[in-house]
Amino acid sequence: MTRTIKIVLLMFSLVLTLSFMSNTYSRYVVDATGNAYLATSGLQFGGLDSEVSINADSLELRADNGSIQLDSTKNDKINIEVNKLKARANGDITLTNKGNLNISSIVSTSRGDITLGSETGSVVAVNTESLNPYHINGGNVIIKALNGFVGSSNNVLKIARHGIFNNNAKDA
């Protein structure tokens, strides 16, 4: 079964809750000048067969019952262009994008693996929530920015991990 959601908002924030199961092919196209919130009650948000294109000022992803799998290195139909990215899942989180990843808060509540990356840009820190001073909180953490950098001296990427940390960047 194919489910397609296409939303274009020019002046307002977007709040959208998705309740799709993990074995469903899904296509998400979101264009908003404000904030976007996408959540699923299924076992996985994204995956190898999904198409995800999101352009917004800020984006929050939630998968309270499973994982988030948005990896542009394995699926060229994934593109996330946002100034501020938050993600929370009960399982593993993989967020790899073609351009920069501007991280506010990435949390795996089950201490799952967190993999973040940029194919052509950097993985950088932006403002965190006042209740959680860390940008990344999970188990094993892998960050890749092969053509950019991870964090900066002005905006240090704060990581609370409960496993192995691996950083691979052009300008580490």
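See above for the structure.
Keep in mind it's a predicted model, so treat the numbers as computed, not measured.

Conventions used here
Residues numbered from 1 in each chain as written. Predicted model: local features only at pLDDT ≥ 70, side-chain atom pairs only at ≥ 80, totals over all residues. Heavy atoms only, no water. Helix = DSSP H or I, 4+ residues; strand = E, 2+ residues; numbered from the N terminus. Buried < 20%, exposed > 50% of the residue type's maximum accessible area, 1.4 Å probe, protein only. Contact = heavy atoms within 4.5 Å. Areas by Shrake-Rupley, 256 points an atom, 1.4 Å probe, with all protein chains shown as cover. Core = buried A, V, L, I, M, F, W, Y, C linked by side-chain atoms within 4.5 Å. Pairing = 2+ DSSP bridges. Polar contact = N/O pair within 3.5 Å; in protein donor to acceptor, adjacent residues only side chain to side chain. Salt bridge = Lys/Arg side-chain N within 4 Å of Asp/Glu carboxyl O.

Participant: Help me out: how do you make sense of the overall build of the chain in this one?
Facilitator: The secondary structure content of the chain amounts to zero helices and 16 strands. Taking all 172 residues of the chain together, 47% fall into the buried category. Residue pairs in contact within the chain that sit at least 24 positions apart in sequence constitute 42% of those at least 6 positions apart. Here the chain has roughly 8600 Å² of accessible surface; of this, 46% comes from carbon and sulfur atoms.

Participant: How do you make sense of the nonpolar core when you look at a structure like this?
Facilitator: Taken as a class, soluble globular proteins show a tendency for nonpolar side chains to be buried jointly. By size, the foremost hydrophobic cluster in this structure holds 33 residues, and its most contacted members are L61, I68, L95 and I106. If we skip the residues at most four places from it in the chain, I106 touches L85, K86, A87, I93, L95, I114, L116, H135, I136 and N137.

Participant: Help me out: how do you make sense of the pairing of strand β10 (residues 101–108) in this one?
Facilitator: Side-chain direction in a regular strand flips from residue to residue, so the side chains alternate between the two faces of the sheet. In terms of residue burial, β10 counts as a mostly covered element, since eight of its eight residues are buried. Two elements, strand β8 (residues 78–89) and β10, share five bridges in a ladder whose sense is parallel. Bridged to R88 within β10 is V107. Where β10 and strand β12 (residues 123–125) come together, three bridges link them in parallel fashion.

Participant: Got a minute to help me understand the side chain of S104 in this structure?
Facilitator: By the element assignment, S104 lies in strand β10. A polar atom in the side chain of S104 sits 2.7 Å from the backbone oxygen of N127.

Participant: Just checking my understanding: could you explain unusual backbone geometry for this structure?
Facilitator: Residues other than glycine predominantly adopt negative phi, and peptide bonds predominantly adopt the trans conformation. With a phi close to 60 degrees, R111 is a non-glycine residue in the positive phi region. Summarising the element assignment, R111 is placed in the loop between β10 and β11 (114–118).

Participant: Is there a simple way to explain the pattern of salt bridges in this structure?
Facilitator: Close approach of charged atoms allows side chains of opposite charge to pair. Under the definition given, this model contains two salt bridges. The salt bridge involving K86 is made with E60; its shortest N-O contact spans 3.9 Å. Taken together, the residues K86 in strand β8 and E60 in strand β6 (residues 51–63) connect sequence positions 26 residues apart. Take E60: its relative accessible area is 22%, and that puts it in the partly exposed class. One salt bridge in this structure joins R62 and D64, with 2.8 Å as the shortest N-O distance.

Participant: In this structure, what is going on with the environment of K77? I would like to understand it.
Facilitator: As for its placement among the helices and strands, K77 is situated in the loop between β7 (67–71) and β8. Taking the C-alpha atoms as reference points, K77 and D49, 28 residues apart in sequence, are found 8.6 Å from one another. Discounting residues that sit within four places of it in the chain, K77 has contacts with S50, E51 and V52.

Participant: Would you mind showing me how to read the pairing of β8 here?
Facilitator: Here β6 runs beside β8; their pairing, made up of 11 bridges, is parallel. Looking at β8, one finds that N55 is bridged to E81.

Participant: What exactly am I supposed to notice about the environment of N35 here?
Facilitator: Within the element layout of this structure, N35 appears in strand β4 (residues 35–40). Along the sequence, N35 and K84 sit 49 residues apart, while their C-alpha atoms lie 9.2 Å from each other. Within the structure, N35 has its side chain in polar contact with the side chain of S58 (distance 2.5 Å).

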